[in-house]
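Here is how the chains run, residue by residue.
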Amino acid sequence: MEPLSTTAIVLRKVSYGDADLILSLLTETKGKISVIAKNAKKSVKRFGGALDLFSCIRIIANPSRSKDLLFLQEASLIHPYDHIRTDIHMTAYASYWTEIILLWVEEQDKQSSIYHLLEFALENLDNGHIHYDLMSIIFQIRFLVLTGFKPNLQTCGICKKPLDHINGLTVFDLSKGGIACKTCYHGNRAFYLSKGTIKQLNWIISDNIKLIQRLKISDQSIKESLLFLETFLPQCIDAFPKSLKFIYSLR
Ligand SMILES: [Zn+2]
């Protein structure tokens with residue numbers, strides 16, 4: 001097997017014995033991988049401080065006897081995104097996004113679009129160009145689209161009445177993953193979303209991600225969207241990220 005040379009983002013880091021670290025990385029070309037960084041704890045120089053959480057790095061890794069673990073040969077820093085680690089809100093959100101990826105992405109399953117989404121989210125969190133609450137909305141909705149869980153926010157899932165013709169608050173039926181008009185909805189697992197919030201979520205789904213920095217969204221819509229996505233996304237991936245509890249405790 002050839003050595004793997006790629007860019008990667010550090011998702012998780014755990015100690016292994018006295019000297020080594022095991023890291024979970026999301027790579028641009030090979031999906032999620034686990035690497036062992038020999039002597040990384042004993043010699044700081046060995047990897048030049050490139051192994052901090054959320055850092056974007058370039059790596060060379062060699063195969064080992066275990067199919068699921070590679071030897072980290074070299075790692076150099078592309079971007080440390082170090083503002084994130086100095087702010088508790090930013091750290092909480094970055095931990096949530098990386099945990100979602102750890103829970104969902106299979107080992108060595110190429111997911112370049114998810115890699116680029118995470119890179120975009122960390123970059124804009126770090127440089128402060130997008131507020132962390134809005135960035136979390138963008139990350140979650142784009143993640144749902146990329147993983148095939150895009151919510152239906154256009155028409156009632158049953159009678160197909162378009163959003164603009166649905167009066168008052170709109171029901172989002174969690175069990176069906178889409179909106180419904182009040183006449184059609186008879187379940188008991190629903191969210192009520194305002195039309196303004198749904199329109200803004202549709203805009204985030206459909207528009208060029210690079211233009212999103214210009215998006216102005218009301219505080220009420222931010223709250224509504226976060227509450228909705230932090231319920232719907234864990235349901236889609238069938239797991240409750242532990243870092244969500246920490247986010248709740250900060251609010
Ligand atoms: Zn209907």
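Residues numbered from 1 in each chain as written. Predicted model: local features only at pLDDT ≥ 70, side-chain atom pairs only at ≥ 80, totals over all residues. Heavy atoms only, no water.

### Some details on the pairing of strand β1 (residues 4–16)
And then number 1: Judged from the six bridges that link them, β1 and strand β4 (residues 56–63) form a sheet pairing that is antiparallel. Each residue of the ladder has a partner; that of I9, found in β4, is C56.
And then number 2: When β1 meets strand β2 (residues 20–27), the two strands line up antiparallel, connected through eight bridges. Bridge pairing in β2 places V10 opposite L25.
And then number 3: Linking β1 to β2, which pair antiparallel, is a turn of three residues; within it G17 sits at a positive phi near 65 degrees. (Pairing = 2+ DSSP bridges. Helix = DSSP H or I, 4+ residues; strand = E, 2+ residues; numbered from the N terminus.)

### As for the environment of A180
And then number 1: If you trace the backbone, A180 turns up in strand β7 (residues 178–180).
And then number 2: Look at A180 and you get buried, because its relative accessible area is 3%.
And then number 3: Residues A180 and I198, spaced 18 residues apart in sequence, show a C-alpha to C-alpha distance of 12 Å.
And then number 4: Sequence-distant contacts of A180, defined by excluding residues within four places in its chain, comprise C156, G157, T170, V171 and Y185. (Buried < 20%, exposed > 50% of the residue type's maximum accessible area, 1.4 Å probe, protein only. Contact = heavy atoms within 4.5 Å.)

### Considerations on the domain arrangement of the protein
And then number 1: For the protein, the domain assignment lists domain 1 (4–80) and domain 2 (102–250).
And then number 2: Taken residue by residue, the interface counts 21 residues in domain 1 and 16 residues in domain 2.
And then number 3: Between domain 1 and domain 2, the buried area comes to about 1500 Å², and carbon and sulfur atoms account for 60% of it.
And then number 4: Three residues, L26, E28 and K32, lead the burial of domain 1 against domain 2; their summed loss comes to 40% of the area buried on that side.
And then number 5: The interface formed by domain 1 and domain 2 holds zero salt bridges in total.
And then number 6: Linking domain 1 with domain 2 are six residue pairs in polar contact (both at pLDDT 80 or more), by the criterion used here. (Domains from an automatic or database assignment. Buried area = accessible area lost by both parts, 1.4 Å probe. Salt bridge = Lys/Arg side-chain N within 4 Å of Asp/Glu carboxyl O. Polar contact = N/O pair within 3.5 Å; in protein donor to acceptor, adjacent residues only side chain to side chain.)

### Some details on the pattern of salt bridges
And then number 1: In the structure shown here, the tally under the stated rule is six salt bridges.
And then number 2: Of the charged contacts in the structure, one is a salt bridge between D20 and K38, with a shortest N-O distance of 3.2 Å. With D20 in strand β2 and K38 in the loop between β3 (31–37) and α1 (44–47), this pair connects stretches of sequence that are 18 residues apart.
And then number 3: D20 gets classed as buried once you look at its relative accessible area, which sits at 10%.
And then number 4: The partner of R85 in a salt bridge is D52, with the nearest N and O atoms 3.7 Å apart. Here R85, found in the loop between β5 (70–79) and α2 (88–104), pairs with D52, found in the loop between α1 and β4; they are 33 residues apart in sequence, far enough to count as distant.

### Let's talk about the coordination of the zinc ion
For a metal with four donors in a tetrahedral arrangement, the ideal angle between donors is 109.5 degrees, while six donors in an octahedron ideally sit at 90 or 180 degrees.
And then number 1: Around the zinc ion, the donor atoms from the protein are C156 (SG), C159 (SG), C181 (SG) and C184 (SG), and they sit 2.3 Å away.
And then number 2: Each donor residue of the zinc ion belongs to the same chain, and together they define the spacing C-x2-C-x21-C-x2-C. One end of the pair, C156, is in the loop between α4 (132–146) and β6 (170–173); the other, C184, is in the loop between β7 and β8 (190–193), and 28 residues separate them in sequence. A single burial state applies to C156 and to C184, both of which are buried. (Donors = N, O, S within 2.8 Å, 3.2 Å for Na, K, Ca; no water.)

### Section: the layout of surface pockets
And then number 1: Of the pockets and cavities examined, the largest pocket occupies roughly 230 Å³.
And then number 2: Around the largest pocket sit 15 residues that line it, and H116, L117, F120, I209 and K210 are the ones nearest its centre.
And then number 3: Of all elements in the fold, only α3 (112–126) and α4 reach the threshold of two or more residues within the lining of the largest pocket.
And then number 4: Of all the elements, α3 adds the most residues to the lining of the largest pocket, at seven residues.
And then number 5: By residue class, the composition of the lining of the largest pocket is five nonpolar, six polar and four charged. (1 Å grid on protein atoms, 1.4 Å probe; cavity = no way out; pocket = protein on both sides within 12 Å on 5 of 7 lines; lining within 4 Å. Points joined across faces, edges and corners; volume = space filled by probe spheres on them. Nonpolar A, V, L, I, M, F, W, Y, C, P; charged D, E, K, R; others polar.)

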